[in-house]
Amino acid sequence: MVRKNQLPKFPDDYINDKAEEYDSSKWMERNQKRSTLSSIQYLIEDKLNEDWVSGIIVGDSPLILDLGCGTGFSSVILMENGFRVIGIDILNDMLSKAREKKRNFKDYKDLELVLADINYLPIKVNSVDHIISISSYNFITHGLQNYGEKVKLLNDTAKYLNKILKNKGRVVIEFYPKDNQELKIFNKSFINNGFEGFMVKNKPNQKSGQTFLLMKKC
Ligand SMILES: C[S@@+](CC[C@H](N)C(=O)[O-])C[C@H]1O[C@@H](n2cnc3c(N)ncnc32)[C@H](O)[C@@H]1O
């Protein structure tokens, strides 16, 4: 079971009966929902853009990608806040729980679920308004030991995210960097590949811990 104050292990904490445990944990649901609501607030952060009202498309059911959507806690909150959502996850055990929710609720017609890797997205260029990722982006370098390989993968992924975003599209990544180096390479992968923005940490002196990357396509 994924515990408070402990970084989860990928994929072990998200497969077989762990996927069921994850989905039935009220603490996890609250936690994911809280982080998603904060990210929606950050999505309209006015410091990212002076003309922020035109920066984010308001009241027009913008299309958002939920990267690493898991069992759908974040995707549901996004839908409830007026977004059309494409949820992407690499693990069928997690995604199938989100699919169950979609089957059970007729109102979830604005949710599409796709089994795919964040690093190789089957999404058309210039097609999405915004991108969000809650507690998932840390895992995309899973299995890579070498610093150079990690940097290359992060850069390639950020470049592709830039391509699939429409003009003025925004990205909010909530993640838990394990150290200062990881924090830097995640941030730089966006800044060096067509984004501008900044980081927000609830506990600024803590190098690891919850971090929000707020980025805008420039
Ligand atoms: C903490 S969980 C999901 C959090 C999600 N926000 C929710 O509401 O349930 C992290 C998810 O990231 C997914 N993930 C990890 N690496 C991935 C990758 N490379 N591509 C797509 N999904 C990935 C995992 O399968 C897992 O479901």
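Heads up: the structure comes first, above all this text.
Report follows, based on the coordinates. (Residues numbered from 1 in each chain as written. Predicted model: local features only at pLDDT ≥ 70, side-chain atom pairs only at ≥ 80, totals over all residues.)

## Some words on helix H7 (residues 180–191)
Rules: Think of it this way: any DSSP run of H or I at least four residues long counts as a helix, any run of E at least two long counts as a strand, and we number them from the N terminus. Expected helix span is computed as 1.5 Å times (number of residues minus one). Buried means a residue has 20 or more other C-beta atoms within 10 Å of its own C-beta, exposed means 12 or fewer, and partly exposed covers the counts in between; C-beta atoms are placed from the backbone. Picture the helix axis, draw a direction to every C-beta atom, and the arc is the one those directions span. Throughout, a residue-residue contact means that the two C-beta atoms, derived from backbone geometry, are no farther apart than 7 Å.
With twelve residues, H7 should cover 16 Å at 1.5 Å per step; its first-to-last C-alpha distance of 16 Å lies within 8% of that length. When we look at burial in H7, the residues that qualify are Leu183, Phe186, Asn187, Ser189 and Phe190. All buried residues of H7 lie within an arc of 155 degrees about the axis, which places them on one face of the element. Among the exposed residues of H7, those pointing more than 90 degrees away from its buried face are Asn180 and Gln181. Buried residues along H7 sit in contact with helix H6 (147–164), strand S5 (165–175), strand S6 (195–201) and strand S7 (211–217).

## As for the packing of H6 against H7
To keep things clear, this is the line we draw: Here the axes come from fitting lines to C-alpha atoms, over the contacting stretch only for helices, and the angles between their N-to-C directions go from 0 to 180 degrees. Should an angle fall under 35 degrees it is taken as roughly parallel, and over 145 as roughly antiparallel, whereas 65 to 115 is taken as roughly perpendicular and any remaining angle as oblique. For a crossing to be left-handed, the near helix must be turned anticlockwise from the far one by less than a right angle; the clockwise case is right-handed. Three residue categories are used. Nonpolar comprises Ala, Val, Leu, Ile, Met, Phe, Trp, Tyr, Cys and Pro, charged comprises Asp, Glu, Lys and Arg, and polar comprises the others, including Gly.
For the pair H6 and H7, the least separation of the axes is 8 Å and the interaxial angle reads 40 degrees. Between H6 and H7, the angle falls in the class oblique. Both H6 and H7 take part in a crossing whose hand is right-handed. Taking contact as the criterion, the partners of Lys150, Val151, Leu154, Asn155 and Ala158 in H6 are, on H7, Ile185, Phe186, Ser189 and Phe190. Looking at the contact of H6 with H7 residue by residue, the class counts come to six nonpolar, two polar and one charged.

## Some points on the packing of helix H2 (residues 26–43) against helix H4 (residues 73–80)
Two elements in contact, H2 and H4, have axes separated by 9 Å at closest approach and are oriented at 45 degrees. Looking at the two axes, H2 sits oblique to H4. The hand of the H2/H4 crossing is right-handed. Side by side, H2 and H4 meet where Glu29, Gln32, Lys33, Thr36 and Leu37 of the first sit next to Phe73, Ser74, Ile77 and Leu78 of the second.

## Some words on the environment of Ser208
Relative to the helices and strands, Ser208 is located in the loop between S6 and S7. Between the C-alpha atoms of Ser208 and Asn180, which are 28 residues apart in sequence, the distance is 6.8 Å. Ser208 has contacts with Tyr176, Pro177, Lys178 and Asp179, leaving out every residue within four places of it along the chain.

## Describing the site of the ligand
The test is simple: We call a residue near a molecule or strand when its C-beta atom, built from the backbone, sits within 6 Å of it.
The environment of the ligand is formed by 22 residues, the closest being Gly68, Gly70, Phe73, Ile90 and Ser136. Taken together, the residues of the shell around the ligand sort by class into twelve nonpolar, eight polar and two charged.

## What about the nonpolar core?
Put simply, the test is: Only buried residues count toward a nonpolar core: Ala, Val, Leu, Ile, Met, Phe, Trp, Tyr and Cys, linked into one set through C-beta atoms within 7 Å.
Among the nonpolar cores identified, the biggest contains 50 residues, and Ile64, Ile131 and Val172 are the most heavily contacted of them. Other than its neighbours up to four places away in sequence, Ile64 contacts Leu78, Phe83, Val85, Val128, Asp129, His130, Ile131 and Ile132.

## Overview of the sheet that holds strand S2 (residues 84–89)
Which entries qualify depends on this criterion: Whether two strands pair depends on DSSP finding at least two bridges between them.
Pairing in this open sheet of seven strands is mixed, and the strands run S3-S2-S1-S4-S5-S7-S6 from one edge to the other. Bordering the open sheet on either side are strand S3 (111–115) and S6, each of which pairs with just one other strand. Recorded for the sheet is a direction-independent mean angle of 15 degrees between the axes of neighbouring strands. Most of the contacts of H6 go to S5, to which it runs at about 135 degrees, and overall it touches strand S4 (128–134), S5, S6 and S7. Set on the sheet, H7 makes contact with S5, S6 and S7; between it and S7 the angle comes to about 10 degrees.

Nothing here speaks to function; it is all geometry.
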